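Listed below, chain by chain, are the residues.
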Amino acid sequence: MDKIRLTTISIILMLTIIVLAIFFWIANTSGQFQLQQLPGSTEEQDILYPGGTHTQEYPTSAVQLQTETSPPTPDPTGTTASTPTETPTPTPTLAFSGQEVIGYSVLERPLEVYRFGTGEHVHLIVAGIHGGYEWNTVELAYELIELLENEPERVPSDKTLYILPNLNPDGYAKDKGYDGRANANNVDLNRNWDHNWQIDWARSGCWNYRPITGGEYAESEPEVRALKTFILEREVQALISYHSQMAAIFSGNFPFHPPSEDLANKLWAVSSYSYPPPDYGCHYTGQFVDWAADQGIAALDVELRNHVDNDYTINVPILDAFLAWSYPEMVD
Ligand SMILES: [Zn+2]
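Residues numbered from 1 in each chain as written. Predicted model: local features only at pLDDT ≥ 70, side-chain atom pairs only at ≥ 80, totals over all residues.

Peer 1: Explain the overall build of the protein chain residue by residue, including any values.
Peer 2: A tally of regular secondary structure across the protein chain gives 11 helices and 7 strands. Restricting to contacts in the protein chain with at least 6 residues of sequence separation, those with at least 24 account for 78%. (Helix = DSSP H or I, 4+ residues; strand = E, 2+ residues; numbered from the N terminus. Contact = placed C-beta atoms within 7 Å.)

Here's what the structure looks like:
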């Protein structure tokens, strides 16, 4: 009698275990078990908030944003649901270097920016604002990018450096001479900024090989608008805009912006370029670095020596000094 009872209990226990096993297998396979317990939960959220319990201590908006970009996916193995705390991952950090498109030219060419470093103080180098006419500045920018890819330790830990190697890809593609200076709307991208902007200007002492304009209005050009948005969003503190061929450094909104002058003096000290620059009497309008200085950014034009050489060996020390420079107000 005891033997029969023991066998019956054993069979009932085995059946119960089998039924329970089937239930959990189905629940994990379909993902319902996860969703019932953690509405909107995804594997990515577990990584984003290691050790988190998905309670109100995390902002709802962040969870919703993550859900929008990464819809929940069934986990066929069920390992994530059963062992959520066994794979804690550190909070995601920015990669040391990266690349992004910040906008497009008139002819839909991408404006590419390269980033180096993750520091809180943001510096920027822009080349090719005058397109193919100053093609050697674009070549220099790509050589500096290659240098930093090979020697990332040149970027101090407190700095992030962005390099935009070609702000005027349409002009660059059109001609390696006078006709490559303006963009595809025949606008000089260094006369289109919202600082003393004019559609036309007195040409005395100024570049005057083609009848180009400052645009229909300030910031009318997509290249200028894209760069302006990028600079303000990333809170750029210092920038160099490369040109050729005056072998000189121009300080933004001179003489009304001392931080730009301070940066100019630091770069002049390690270079063979002249500062202050020669004055040919041109009354500049709508210039990029003057607008930038208006925003409080230390901003310089750096002019290479000619339209052929990229002046790489001159500009490596300039790059290092630019990266080492800190905004005067931050120095104790
Ligand atoms: Zn130029």
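Here the narrative resumes, following the displayed structure.
Peer 1: An account of the sheet that holds strand S2 (residues 110-116) is needed here, citing residue identities and associated values.
Peer 2: If you trace the 7 strands from one edge of the open sheet to the other, you get S1-S2-S4-S3-S5-S7-S6, paired in mixed fashion. With partners counted over all chains shown, the strands left at the sheet margins are strand S1 (97-104) and strand S6 (249-251), one partner each. Taking each pair of neighbouring strands and ignoring which way they run, the sheet shows an average axis angle of 20°. Inspection of the sheet shows strand S3 (residues 121-126) paired to strand S4 (residues 159-164) by 6 bridges, in the parallel sense. Bridge pairing in S4 places Val-126 opposite Leu-164. Strands in contact with helix H8 (residues 222-234) are S1, S2, S3, S4 and strand S5 (236-244); relative to S1, the strand with the most contacts, it is inclined by about 135°. (Pairing = 2+ DSSP bridges. Axes fitted to C-alpha atoms, helices over the stretch in contact; angles between N-to-C directions.)

Peer 1: Account for unusual backbone geometry, naming residues and giving values.
Peer 2: A cis amide bond links Ser-244 to the next residue, Gln-245, at an omega of 20°. Following the sequence through the fold, Gln-245 ends up in the loop between S5 and S6. Backbone torsion omega between Tyr-275 and Pro-276 reads 0°, so that peptide bond is classified as cis. Note that Pro-276 resides in the loop between helix H9 (258-269) and helix H10 (288-294). At Ala-247, a residue that is not glycine, the phi angle is positive and equals roughly 50°. Residue class for Ala-247 comes out partly exposed when judged on the 18 C-beta atoms lying within 10 Å of it. A positive phi angle is found at Asn-253, which is not glycine, with a value near 50°. Taking the C-beta count within 10 Å as the criterion, Asn-253 has 19 such neighbours and is therefore assigned partly exposed. (Buried ≥ 20, exposed ≤ 12 C-beta atoms within 10 Å, placed from the backbone.)

Peer 1: Any details on the nonpolar core? Residues and values, ideally.
Peer 2: Counting residues in each nonpolar core, the largest one holds 62 residues, and the members touching the most others are Val-126, Ile-163, Leu-239, Ile-249 and Leu-300. With 6 residues, the single largest contributor to this core is helix H6 (residues 135-150). Every residue in contact with Leu-300, bar those within four places of it in the chain, is listed here: Ile-240, Ile-249, Phe-250, Ser-251, Gly-252, Ser-260, Leu-263, Ala-264, Leu-267 and Val-289. (Core = buried A, V, L, I, M, F, W, Y, C linked by C-beta atoms within 7 Å.)

Peer 1: Which residues make up H6, and what are the values?
Peer 2: In this model, H6 (16 residues) spans 23 Å end to end at C-alpha, consistent with the 22 Å of a helix rising 1.5 Å per residue. Every buried residue of H6 is accounted for by Trp-135, Asn-136, Thr-137, Val-138, Glu-139, Leu-140, Ala-141, Leu-144 and Leu-148. (Expected span 1.5 Å × (residues − 1).)

Peer 1: Summarise the pairing of S4; cite the residues concerned and give the values.
Peer 2: In terms of residue burial, S4 counts as a mostly covered element, since 6 of its 6 residues are buried. Residues Lys-159, Leu-161 and Ile-163 of S4 are buried on one face, and the alternating residues Thr-160, Tyr-162 and Leu-164, pointing to the opposite face, are buried as well. Sheet topology places S2 next to S4; 3 bridges connect them, and they run antiparallel. Along S4, the bridge assignment pairs Arg-115 with Tyr-162. The parallel pair S3 and S4, bridged by H6, forms a crossover whose chirality is right-handed. (Right-handed = clockwise from strand over helix to strand, strands pointing away.)

Peer 1: Would you mind going over the environment of Ser-271 in detail, with residue names and values included?
Peer 2: By secondary structure assignment, the location of Ser-271 is in the loop between H9 and H10. Classification of Ser-271 by C-beta neighbours within 10 Å gives partly exposed; the count is 19. Along the backbone, Ser-271 and Val-316 are 45 residues apart, and their C-alpha atoms lie at a distance of 9.5 Å.

Peer 1: Any chance you could break down the confidence of the model for the protein chain for me, citing the residues and the numbers?
Peer 2: Per-residue pLDDT for the protein chain has a mean of 82; in total, 72% of the residues score no lower than 70. Note that residues 29-83 has pLDDT below 50 and, in this model, 40 contacts with residues that lie over four places away or in other chains. (pLDDT = per-residue confidence, 0-100.)

Peer 1: I'd love a proper account of helix H11 (residues 312-324), names of residues and values included.
Peer 2: The terminal C-alpha atoms of H11 lie 18 Å apart, and with 13 residues this matches the ideal 18 Å at 1.5 Å per residue to within 8%. Of all the positions in H11, only Asn-315, Ile-318, Leu-319, Phe-322 and Leu-323 are classed as buried. The arc enclosing the buried residues of H11, seen along the axis, measures out at 130°, which places them on a common side. In H11, those exposed residues whose orientation departs by more than 90 degrees from the buried face are Thr-313 and Ala-324. Buried residues along H11 sit in contact with S3, H6, S4, S5, H9 and strand S7 (298-304). (Arc of directions from axis to C-beta.)

Peer 1: Give me the pairing of S5: which residues, what numbers.
Peer 2: Along any regular strand, the residues point their side chains to alternate faces of the sheet. Judged by how many residues are buried, S5 sits mostly within the fold: 9 of 9 residues are covered. Examined bridge by bridge, S5 and S7 share 7 bridges and lie parallel to one another. Across the sheet, Ala-238 pairs through a bridge with Ala-298, a residue of S7.

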